[in-house]
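# Reading the structure
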Amino acid sequence: MKELVEVIAKALVDHPDSVFVTETEEGKETVLQLNVDPSDMGKVIGKQGRIAKAIRSVVKAAASREDKKAVLEIQ
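Residues numbered from 1 in each chain as written. Predicted model: local features only at pLDDT ≥ 70, side-chain atom pairs only at ≥ 80, totals over all residues. Heavy atoms only, no water.

### What to know about the overall build of the chain
Across its full length, the chain carries three helices and three strands. Mapped in sequence order, the helices and strands of the chain form the string α-β-β-α-α-β. Rg of the C-alpha trace for the chain: 12 Å, near the compact-globule value of 11 Å for 75 residues, within the 12% margin. With the C-alpha coordinates of the chain rotated into their principal frame, the extents come out at 35 × 25 × 15 Å. The long-range fraction of contacts in the chain, counting pairs at least 24 apart against all pairs at least 6 apart in sequence, stands at 53%. Taking the average place of the 12 positive charges on the side chains of the chain and the average place of its 13 negative ones, the gap between the two points comes to 8 Å. (Helix = DSSP H or I, 4+ residues; strand = E, 2+ residues; numbered from the N terminus. Rg over C-alpha atoms; globule rule 2.2 N^0.38 Å. Contact = heavy atoms within 4.5 Å. Lys, Arg positive; Asp, Glu negative; His and termini not counted. Charge placed at Lys NZ, Arg CZ, Asp CG, Glu CD.)

Right under this line is the structure:
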């Protein structure tokens, strides 16, 4: 799932070199932390959080296929 978030985020931002994703597993829950350049934060979040919500939906769908729960944090 880490690679999935990286590919989506790098396609959205102007500075793809500054995109980092860390993955932490706690039992059946996976926490993904997405770090982007501060100037690209608006592009990842989108108007009224629509893009962030869409990314979270894709991550949750991918996690449900593996019988896990995934949480995406954007920093």
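The rest of the description comes next.
### A few points about the pattern of salt bridges
Under the defined criterion, the tally for this structure stands at three salt bridges. Residues Asp14 and Lys43 are paired through a salt bridge, measuring 2.3 Å at the closest nitrogen-oxygen approach. Residue Asp14 is found in the loop between helix 1 (2–12) and strand 1 (20–26), and its partner Lys43 is found in helix 2 (residues 41–45); the two are separated by 29 residues along the sequence. Look at Lys43 and you get partly exposed, because its relative accessible area is 32%. (Salt bridge = Lys/Arg side-chain N within 4 Å of Asp/Glu carboxyl O. Buried < 20%, exposed > 50% of the residue type's maximum accessible area, 1.4 Å probe, protein only.)

### Remarks on the environment of Arg65
Summarising the element assignment, Arg65 is placed in helix 3 (residues 50–65). Of the residues examined, Arg65 reaches a relative accessible area of 76% and is grouped as exposed. Sequence spacing of Arg65 and Ser39 is 26 residues, and the spatial spacing of their C-alpha atoms is 33 Å.

### What about the pairing of strand 2 (residues 29–35)?
Taken together, the seven bridges between strand 1 and strand 2 define a ladder with antiparallel strand orientation. Bridging across to strand 2, Glu25 finds its partner in Thr30. Hairpin connection of strand 1 to strand 2: two residues between the antiparallel strands, including Gly27 at a positive phi of 70°. Relative to strand 3 (residues 69–74), strand 2 is paired through six bridges, and the arrangement is parallel. Its bridge partner lying in strand 3, Glu29 is registered against Lys69. (Pairing = 2+ DSSP bridges.)

### Remarks on the sheet that holds strand 1
Reading across from one edge, 1-2-3 is the order of the three strands in this open sheet, with mixed pairing throughout. The open sheet terminates on both sides in strands that have one partner only, identified here as strand 1 and strand 3. Sheet twist, expressed as the mean angle between neighbouring strand axes with direction ignored, is 20°. With respect to the sheet, helix 3 is in contact with strand 2 and strand 3, its orientation differing from that of strand 3 by roughly 155°. (Axes fitted to C-alpha atoms, helices over the stretch in contact; angles between N-to-C directions.)

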